[in-house]
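Survey of secondary and tertiary structure
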Amino acid sequence: MSPPTVRSFATRTAVAWRDPLRAAAVVGLVILAYNYSLSTLVRGMTLQTPLAYLALVPVIALLLALARIRLGEPETPIHDRQLDWIVGLGFLGATGAILVLAPQPSDSGFWLRRVDLLTLPLFVAGLTSIFFGVRRLWSIRYAVLFLLLAWPIPFAWLLGLTAGWFTDLTAGAVGTITTVVPVARPAVGDGSLFLIGSGDNFFGVSIGSACSGVNSFVGFLLLGIGSLAVLRGSAIRRASWLAVGLAVTIGLNVARIMAILVVGHFWGQEAAINILHPVAGLVVFNIGVLIMLALAPRFGLRLASPVRAAGAEPERTRTSPSIALRPAMAVTLVIAAVLGLTNAAFARYEAISSGLTDARLAKVDIAVAHVPGWDASVVGELTQARQYFGSDATWERAAYRPTDSASIVADRTVYVDVLTTSDSGTFAAYGLEACYAFHGYEISSVAEVDIGAGVNAQVIDYTNTRNDIAWSALWWEWPFTTEDGATRYQRIVVFMADGPDSNFDGLSAFDIATQDARYLETDQFLASLGQEIVASQLASVARSDSPATTD
């Protein structure tokens, strides 16, 4: 008997890639099964949201898997095709079971919990076991586990705790610098608004949570965690490198905001906000990544080198038990197709979750929107609309006060926001509950209510922990058709402060599952007012659809 042959690095690499169709099949099946979930991640990269960089997770995971293969980590010596199928089908079965038992996509909570993304590592693990075997699955386990970072819940929780801190830190740093470099002056208030210029050239730059450096912080955290898998050095050195990288990212973000202020001071609002602002974040983020990669040797870190003779595993001339592609493809394609159809159906529920989706509605005009017995006055237009909801988005606000003829009465001013955009996906990225949780507000109750004509609205009660003011909001979304036949989308938000301390009259008996009894009357009032708005809007559409009469 000839002695066992130790596999060289080149041989191991050839074995790993002897059937590239398997790798392509796994990637293709993942895209098929999670087509809509992955598209929401990709779409989020264009938005000013702290979770925009989650779209990098699948890409980083794929690169980590390739790196682990190239580095030649020894594989567990298991060659049992039955075990491969048992493990693989177990993971795929768990994926299907979780998605079936998870909340329905018509439930707004589904889009906050994103259980679909939580199951992504399970699905990838199942495919890897069936196509490559348990040995390969174990060797790339870090890459598979990295996919868990695509699940937004831990980040949303963390950012909810730290968003205020980030904003205060960044605004404070910019405020300190502007005392030395007087390109802007802080406005009276919480210090997050900076004023530039005067007269016709006057404008303000607000440092909100999305501009505070959280985006870049999350992005570098993801890349940093991925990089630690291929950097060699002690745990303390690697942790120090990651911590310094996060600090550098925050510092570069302050530099980015200062650059926007400088450009605005010398060249005006158009150059600062519409030209520099959209690209500055990505530029400084890439600069930060390059700086930290260049500094890695200073921390005693080095890229891992391929293991050229890991163990003494004998060369195998027989076919690997996981090489058979046809049966694996036949079974997994059926499973992926079923999951893919289910996943694609999520699109119906994501942004416009009401039954009123025939797009026959006319645009809600805040200046003329009518609520019987209520006077409305336009407060103004919020300039953040384009930053968050697309280049053609608008965000208008009006204040409503009851008159003596009002049948529904409150002793507080009620505000109505109307956001309009052509990109409905931005509404999914910026849902009210997610945004309030991100800002650290204490949410007391979230419930759904039917306010008529098939419109399912959500009512949310929360407390701004900074000033201890209680707020309540009712909101829904619907499409409308423009004069040129295009479809656009609107979010209508009806909200008020100090609901538990307010007096109401003329409320409709809505059955609302309010979790905090203090807000029950407030929620019923908002639902009653929302019902009036919907009815008024539908009546205006009916009048416009009526045939004209002539004498």
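Computed from a prediction, not measured in an experiment: that's the story for all the values here. (Residues numbered from 1 in each chain as written. Predicted model: local features only at pLDDT ≥ 70, side-chain atom pairs only at ≥ 80, totals over all residues. Heavy atoms only, no water.)

Here we look at helix H12 (residues 214-228)
Across its 15 residues, H12 extends 21 Å between first and last C-alpha, which sits within 8% of the 21 Å expected from 1.5 Å per residue. The element H12 is extensively covered by neighbouring structure, given that 13 of its 15 residues are classed as buried. (Helix = DSSP H or I, 4+ residues; strand = E, 2+ residues; numbered from the N terminus. Expected span 1.5 Å × (residues − 1). Buried < 20%, exposed > 50% of the residue type's maximum accessible area, 1.4 Å probe, protein only.)

Section: the pattern of salt bridges
Summed over all chains, the structure comprises seven salt bridges. A salt bridge links Arg397 to Asp417; its shortest N-O distance comes to 2.7 Å. Of this pair, Arg397 sits in strand S7 (residues 394-402) while Asp417 sits in strand S9 (residues 414-421), placing them 20 residues apart in sequence. Ionic pairing is found between Glu477 and Arg491, a salt bridge with its closest N-O pair at 2.8 Å. Residue Glu477 is found in strand S12 (residues 469-481), and its partner Arg491 is found in strand S13 (residues 487-497); the two are separated by 14 residues along the sequence. The exposure classification of Glu477 matches that of Arg491, with both residues buried. (Salt bridge = Lys/Arg side-chain N within 4 Å of Asp/Glu carboxyl O.)

Details of the sheet that holds strand S6 (residues 374-381)
Hydrogen bonding along the main chain pairs the strands of a sheet, whether they run parallel or antiparallel. Spatial strand order, S6-S7-S9-S13-S12-S11-S10: seven strands in an open sheet with antiparallel pairing. Strand pairing shows two members of the sheet lacking a second neighbour, S6 and strand S10 (442-450), which therefore form its edges. If you compare each strand with its neighbour and ignore which way they point, the axes differ by 20 degrees on average. Strand direction decides the pairing type here: S10 and strand S11 (residues 456-464), joined by eight bridges, are antiparallel. Bridging across to S11, Val449 finds its partner in Ala457. (Pairing = 2+ DSSP bridges. Axes fitted to C-alpha atoms, helices over the stretch in contact; angles between N-to-C directions.)

A few points about the sheet that holds strand S1 (residues 185-186)
Taken together, three strands build an open sheet; the order of strands is S1-S2-S3 and the sheet is antiparallel. Across the chains shown, the open sheet's two edge strands, defined by having one partner strand only, are S1 and strand S3 (203-206). Bridge count for S1 against strand S2 (residues 193-196) is two bridges, and the pairing is antiparallel. When the bridges of S2 are listed, Arg185 appears paired with Leu195. Set on the sheet, helix H13 (residues 235-267) makes contact with S2 and S3; between it and S2 the angle comes to about 25 degrees. (Contact = heavy atoms within 4.5 Å.)

Focus on the packing of helix H5 (residues 81-101) against helix H15 (residues 325-344)
Here H5 crosses H15 at 5 degrees, and the two axes come no closer than 11 Å. One element, H5, and the other, H15, form an angle in the roughly parallel class. Contacts from Arg81, Trp85, Leu89, Leu92, Thr95, Gly96 and Leu99 in H5 reach Pro327, Ala328, Val331, Thr332, Ile335 and Leu339 in H15. Grouping the amino acids of the contact of H5 with H15 by side-chain chemistry returns nine nonpolar, three polar and one charged. (Parallel < 35°, antiparallel > 145°, perpendicular 65-115°, else oblique. Nonpolar A, V, L, I, M, F, W, Y, C, P; charged D, E, K, R; others polar.)

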